[in-house]
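# Examination of the molecular architecture
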Amino acid sequence: MSTFLSLPALLRRAIRTYRQALKLLNTLQSNRAIRTDLANKQESDDDAIPEMMEWALKAGYAPTDFAPGGGREGLRCIHVAGTTGKGSVCAMIERMLTVYREQFVEQQEGGEEIGKIGLYTSPHLVAVRERIRLNSVPISQELFTRYFFELWERLESTAKARMSKDEPIHPGYFRFLTLLAFHIFVQEGVKTAIVECGIGGRYDSTNILPPEAVAVSAITKLELDHMDMLGGTVEEIAWHKAGIIKAEVPVFTMEKMQTMEVVVQEVQKQNGGSDSKLTSVARLPAFNGDGVKMGLKGDFQKDNASLAAAVVGKYLHQLGHDIDLSNSNLPEPMQYALETVSIPGRHQVLAENNIIWHLDGAHTEASIVAVATWFADIITTKLSSPNPPPSTLLIFNQDDSGGRKGSDLLKAMFNILDKRRMVNPCFSFNWFTFAAFCSNDPYAKVQKPSISLDCWETQPKKQRLVHQENLANTYRSLESNSHLEVYSSAEEAVKLARNIAKEKEGELLVLVTGSLKLVGAVLTVLGGREAREEVV
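Values in this document were obtained by computation on a predicted structure and should not be read as measured data.

Each helix and strand counted, the chain has 17 helices and 14 strands in total. Across the 536 residues in the chain, those meeting the buried criterion constitute 54%. Contacts in the chain between residues at least 24 apart in sequence constitute 77% of all its contacts with a sequence separation of at least 6. Summed over all atoms, the accessible surface of the chain reaches about 24100 Å², with 50% contributed by carbon and sulfur.

Judged by nonpolar contacts, the single largest core of 48 residues is most densely connected at Leu25, Phe144, Phe148, Phe176, Leu180 and Phe185. Only helix H2 (18-25), helix H4 (48-58), strand S3 (132-134), helix H6 (141-162), helix H7 (173-187) and strand S5 (190-196) provide two or more residues apiece to this core. Looking at which element gives the most residues to this core, the answer is H7, with 10 residues. Those residues in contact with Phe185 that sit more than four places away from it in its chain are Leu75, Gly118, Leu119, Tyr120, Ile132, Arg133, Leu134, Val190 and Ala193. Membership of the second largest hydrophobic core comes to 45 residues, among which are Val80, Val216, Leu296 and Tyr315.

This part covers the side chain of Arg129. Mapped onto the secondary structure, Arg129 falls in the loop between strand S2 (116-120) and S3. Among all residues touching Arg129, those that are not within four sequence positions of it are Tyr18, Pro138, Ile139, Ser140, Gln141, Phe144 and Glu534.

Time to look at the packing of aromatic side chains. Inspection of every chain in the model, using the stated rule, returns 14 aromatic pairs. On the basis of an interplanar angle of 55° and a centroid distance of 5.1 Å, the ring pair of Phe66 and Phe182 is categorised as tilted. You can see Phe66 sitting in the loop between H4 and strand S1 (76-81) and its partner Phe182 sitting in helix H7, a full 116 residues away along the chain. Phe66 gets classed as buried once you look at its relative accessible area, which sits at 1%. Here Phe148 and Phe149 contribute two aromatic rings whose centre-to-centre distance is 5.3 Å and whose plane-to-plane angle is 85°, an arrangement assigned as edge-to-face. By relative accessible area, which is 0% here, Phe148 ends up buried. On the basis of relative accessibility, which here comes to 3%, the residue Phe149 falls in the buried class. The ring of Tyr147 carries Arg146 above its face, with NZ or CZ at 5.4 Å from the centroid.

What follows covers the sheet that holds strand S13 (residues 484-487). As summarised here, the arrangement of the 6 strands in space is S9-S10-S14-S11-S12-S13, forming an open sheet in which the pairing is mixed. Each of the sheet's edge strands pairs with one partner strand only, and the pair in question is strand S9 (348-352) and S13. Here the average twist between neighbouring strands, direction ignored, is 20°. Two elements, S9 and strand S10 (residues 355-361), share 5 bridges in a ladder whose sense is antiparallel.

The first and last C-alpha atoms of H7 sit 21 Å apart over 15 residues, in line with the 21 Å expected at 1.5 Å per residue. Most of H7 sits out of view: 13 of its 15 residues are buried. Looking one or two residues past H7, Gly189 carries a phi angle of roughly 70°, positive in sign.

With that out of the way, let us pick up the confidence of the model for the chain. Across the chain, pLDDT averages 83, with 83% of residues at or above 70. Counting interchain partners and residues more than four positions distant, the pLDDT-below-50 stretch residues 1-7 has 2 contacts. Across residues 38-44 the pLDDT falls below 50, and counting only partners more than four positions away or on other chains, this stretch makes 4 contacts in the model.

On to the packing of H2 against H6. H6 packs onto H2 with a crossing angle of 50° between their chain directions and a minimal axis gap of 9 Å. Comparing their axes, H6 and H2 come out oblique. As for how H2 packs across H6, the hand of that crossing is left-handed. Counted together, Tyr18, Gln20, Ala21, Leu22, Leu24 and Leu25 of H2 and Gln141, Phe144, Thr145, Phe148, Phe149 and Trp152 of H6 form the full contact between these two elements. When its residues are assigned to classes, the contact of H2 with H6 shows 9 nonpolar, 3 polar and no charged.

Rules used in this analysis
Residues numbered from 1 in each chain as written. Predicted model: local features only at pLDDT ≥ 70, side-chain atom pairs only at ≥ 80, totals over all residues. Heavy atoms only, no water. Helix = DSSP H or I, 4+ residues; strand = E, 2+ residues; numbered from the N terminus. Buried < 20%, exposed > 50% of the residue type's maximum accessible area, 1.4 Å probe, protein only. Contact = heavy atoms within 4.5 Å. Areas by Shrake-Rupley, 256 points an atom, 1.4 Å probe, with all protein chains shown as cover. Core = buried A, V, L, I, M, F, W, Y, C linked by side-chain atoms within 4.5 Å. Phe/Tyr/Trp six-rings, centres within 6.5 Å; stacked < 30°, edge-to-face > 60°. Lys NZ or Arg CZ within 6 Å of the ring centre and 35° of its normal. Pairing = 2+ DSSP bridges. Axes fitted to C-alpha atoms, helices over the stretch in contact; angles between N-to-C directions. Expected span 1.5 Å × (residues − 1). pLDDT = per-residue confidence, 0-100. Parallel < 35°, antiparallel > 145°, perpendicular 65-115°, else oblique. Left-handed = near helix turned anticlockwise from the far one by under 90°. Nonpolar A, V, L, I, M, F, W, Y, C, P; charged D, E, K, R; others polar.

Shown next as structure tokens:
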């Protein structure tokens, strides 16, 4: 007997494409809109976690379903919060565990296996699939599409069964992606999951994980950021980040972290007055010299690496593997992992003919200082070579939001560059031969709003460029440069770079910094047709 699908069922199956999934995802309430709603509330968002748990139930999951037990494999999660460095720490943890997993398999060592490794992080640069990784690889378009529609239709079925017209059918953008990541990890048999908080921690969507599902927690460096949501002091921000601390779960922080007392109080609250589960990690002896070659550049990455190593050491100990971090030399697997780890858009260098692209998203003062130091080192090295000095181009943007000001970041960057000029009297010309300030839009013509661009495309062009004009004026006050442009898209700035490279002899060094969304937009343009297909 033949079975025939109804016409509506056939139509639903026909539109189950990756591109259609992206279009549906982009209909969800944007991150920026949600942040604005929360910022306008007078009270703390105590409903955030209960609401997220309710969405998980609508998707068919109780939070305990993510934990081992009751015949389930479950997830063993490493949960990471912080202001700066959490993306780097997550990448280092993923890389270290990947190297150790390969070693344990080869050597047939005892202890519980690490298993398949999942990573959930944000934001993405080019493709939303970057946020969800399986064994160090972004999830494929095929798997993303399959699991997207599974989750999407589960939520629709629940809404239909409840027959409530007042309730939304789907959650907001970040909540949906968090549910999707957990759904994928469970369905794909992930054993070890590294989960990065989006914003804050206490009310973050990822914080529905029960204590039984979290093996280790980590809090990276704290700074003033997202102040419209998290508060205007470091103490308030620390309170939000410390919200991921759970009973009987080891938690690691950086040594001499600001407002450590806030973290200690939360640990004691969750553990009957004891702080024995808290470890403050100092820079490991192995990083005191230059013995460890770091794939992620910058002195501050040694502190991130120390934190990541401590977390991995504890996690492996729980699985039956003891790792000694007290020696002056790191274990070889960790050294190799740190040498080979990389993050797109962070100290990234790409060569295109005679253009050398330097890309680093820096949205806090500490991160822009690191970028300035990195680029100044590159220029100083170039100046000491026998070749003619290279031409340079700055491409910059940073919105004024969440306590951030783009003009302040520009000033902080040039504060470092000016200090470097003072110690190098031979450096008598501008740091940048050319400068361009553009929006975070990859392309000048985008037909429909894209969630990844925070709805910039929906604003009138003149209104959108006012901010870029203000940034250009700030730049003029910092460096005398007549070769300055303001653009509505990253595509135009990339075109400028390519035109300069054609006309100028020698190298053109381009620094793309400020907003991580700008870095993603430039990478999208550089990626050509394949990358453009990720923009809906």
